[in-house]
Amino acid sequence: MATVDHLIAEWKLERESLVRRLQMLESGQLRPGIPMGSTTDATIVCVKNWITNLDDLLNKYAKPVV
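It should be emphasised that the depicted structure is a prediction, and the values quoted were computed from it without experimental measurement. (Residues numbered from 1 in each chain as written. Predicted model: local features only at pLDDT ≥ 70, side-chain atom pairs only at ≥ 80, totals over all residues. Heavy atoms only, no water.)

Colleague: Now, about the environment of L57: what can you tell me, with residues and values included?
Modeller: Its place among the elements puts L57 in helix α2 (residues 40–61). For L57, a relative accessible area of 29% corresponds to the partly exposed category. The spacing of L57 and W11 is 46 residues in sequence and 8.1 Å in space, taken between C-alpha atoms. Every residue in contact with L57, bar those within four places of it in the chain, is listed here: W11 and A62. (Helix = DSSP H or I, 4+ residues; strand = E, 2+ residues; numbered from the N terminus. Buried < 20%, exposed > 50% of the residue type's maximum accessible area, 1.4 Å probe, protein only. Contact = heavy atoms within 4.5 Å.)

See below:
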């Protein structure tokens, strides 16, 4: 179970990082760089999808906080 707990902790950290990145993209403080030709709107969609995927994993595997 330690492996799953480690993954959950990593997912939570990654989610926090993605939320910060999303906020910066939406506010104009950060612009996408690679791949060439990517737009801010397309990058925002990708980041939101990654957050949704992590939320799905956390909802499935993380223990509810009581």
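Colleague: I'd like to hear about the nonpolar core, residue by residue, with values.
Modeller: In this structure, I8, W11, L18, L22, L25, I44, V47, I51, L54 and L58 together form the largest nonpolar core, which totals 10 residues. Not counting residues up to four positions away in its chain, the partners in contact with L25 are L30, R31, P32, T40, T43, I44 and V47. (Core = buried A, V, L, I, M, F, W, Y, C linked by side-chain atoms within 4.5 Å.)

Colleague: Just give me the short version of the pattern of salt bridges, but keep the residues and values in it.
Modeller: Following the criterion strictly, the structure yields two salt bridges and no others. Between R15 and D55 there is a salt bridge; the shortest N-O distance is 2.4 Å. Of this pair, R15 sits in helix α1 (residues 2–27) while D55 sits in helix α2, placing them 40 residues apart in sequence. By relative accessible area, which is 24% here, D55 ends up partly exposed. With a closest N to O distance of 3.6 Å, E26 and K48 form a salt bridge. One end of the pair, E26, is in helix α1; the other, K48, is in helix α2, and 22 residues separate them in sequence. Under the relative-accessibility criterion, K48 is labelled partly exposed at 39%. (Salt bridge = Lys/Arg side-chain N within 4 Å of Asp/Glu carboxyl O.)

Colleague: Mind laying out the environment of I8, listing which residues take part and the relevant values?
Modeller: Along the chain, I8 falls in helix α1. With residues near it in sequence (within four places) discarded, I8 still touches L58, Y61 and A62.

Colleague: Which residues make up the packing of aromatic side chains, and what values do they have?
Modeller: Evaluated as defined, the whole model comprises one aromatic pair. Ring geometry for W11 and Y61: centres 6.1 Å apart, planes at 50°, overall tilted. Of the two residues, W11 is situated in helix α1 and Y61 in helix α2; the sequence distance between them amounts to 50 residues. For Y61, a relative accessible area of 40% translates into the label partly exposed. (Phe/Tyr/Trp six-rings, centres within 6.5 Å; stacked < 30°, edge-to-face > 60°.)

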